[in-house]
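Single-letter residue listing:
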Amino acid sequence: MLTIIGCGNLNRSDDAVGVIIAQRLQKYLAENPRPHVQVYDCGTAGMEVMFQARGSKQLVIIDASSTGSEPGAVFKVPGEELAALPEPSYNLHDFRWDHALAAGKKIFPDDFPQDVTVYLIEAANLDFGLELSPVVEKSADVVFEKIVEIIRN
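Just so you know, these numbers come straight off a predicted model, no measurement behind them. (Residues numbered from 1 in each chain as written. Predicted model: local features only at pLDDT ≥ 70, side-chain atom pairs only at ≥ 80, totals over all residues. Heavy atoms only, no water.)

1. Brief notes about the pattern of salt bridges
(1) Moving on: Summed over all chains, the structure comprises 3 salt bridges.
(2) Moving on: Of the charged contacts in the structure, one is a salt bridge between Arg54 and Asp111, with a shortest N-O distance of 3.2 Å. Linking Arg54 in the loop between helix 2 (46-53) and strand 3 (58-65) with Asp111 in the loop between helix 3 (97-107) and strand 5 (115-122), this pair joins segments that are 57 residues apart in sequence.
(3) Moving on: The partly exposed category is assigned to Arg54, whose relative accessible area is 40%.
(4) Moving on: Of the charged contacts in the structure, one is a salt bridge between Asp98 and Arg96, with a shortest N-O distance of 2.6 Å. (Salt bridge = Lys/Arg side-chain N within 4 Å of Asp/Glu carboxyl O. Helix = DSSP H or I, 4+ residues; strand = E, 2+ residues; numbered from the N terminus. Buried < 20%, exposed > 50% of the residue type's maximum accessible area, 1.4 Å probe, protein only.)

2. What to know about the packing of aromatic side chains
(1) Moving on: In total, this model carries 2 aromatic pairs according to the counting rule given.
(2) Moving on: Between Tyr28 and Phe144 the ring centres are 6.4 Å apart and the planes differ by 90°, which places this aromatic pair in the edge-to-face class. One end of the pair, Tyr28, is in helix 1 (residues 17-31); the other, Phe144, is in helix 4 (residues 134-152), with 116 residues separating them in the sequence.
(3) Moving on: Taking the relative accessible area as the measure of exposure, Tyr28 reaches 12% and is therefore buried.
(4) Moving on: Note that Arg12 overlies the ring of Phe128, its terminal NZ or CZ placed 4.9 Å from the centroid.
(5) Moving on: Sitting over the ring of Phe144, Arg24 keeps its end group 4.1 Å from the ring centre. (Phe/Tyr/Trp six-rings, centres within 6.5 Å; stacked < 30°, edge-to-face > 60°. Lys NZ or Arg CZ within 6 Å of the ring centre and 35° of its normal.)

3. Re the sheet that holds strand 4 (residues 74-78)
(1) Moving on: Here we have 5 strands laid out as an open sheet, ordered 2-1-3-5-4, and mixed in their pairing. Pairing within the sheet leaves two strands with one partner each, and these edge strands are strand 2 (37-43) and strand 4. In this sheet, adjacent strand axes meet at a mean angle of 20° when their direction is disregarded.
(2) Moving on: Two strands pair when backbone bridges link them, and strand 4 and strand 5 are joined in this way by 5 bridges, in the antiparallel orientation. Bridging from a neighbouring strand, Lys76 pairs with Tyr119 of strand 5.
(3) Moving on: In the packing of helix 1 onto the sheet, the strands contacted are strand 1 (2-7), strand 2, strand 3 and strand 5, and the crossing angle to strand 2 comes to about 150°. (Pairing = 2+ DSSP bridges. Axes fitted to C-alpha atoms, helices over the stretch in contact; angles between N-to-C directions. Contact = heavy atoms within 4.5 Å.)

4. A closer look at unusual backbone geometry
(1) Moving on: Positioned with a positive phi, Ser13 is a non-glycine residue whose angle comes to about 50°.
(2) Moving on: Here Ser13 is to be found in the loop between strand 1 and helix 1.
(3) Moving on: Note on Ser13: relative accessible area 4%, which makes it buried.

What follows is the structure in structure tokens.
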């Protein structure tokens, strides 16, 4: 099973890019069904990422980044480079997808994907807003096509 998860906040402009790509992929799969592929919009819920990834062989996560790089830059990163255990906390809002990768492997060692790829798109604007910036929209199209290629294979 291939699981694709889009992350982000639809109310924070470019931070929504992962969710928007996931929604586009869901529409693509509705028109081009693939029984071995599932796509989820997990928003900002890291715990949801962990549970939706469970049982998959391959996982792709899509999210925005804010590293100071050129807006619209696309980074393809192996998941193990980004997995990080969370600091102890009673607040699940602090549990992000990078924590989900580390915790999922610890909690579900035989039932969590070993093949994890993360696509990050550098944001130009993280202010409140409902639209992607033009440069991030173009990068979203590129990442969408790369993931459709993965789905087809």
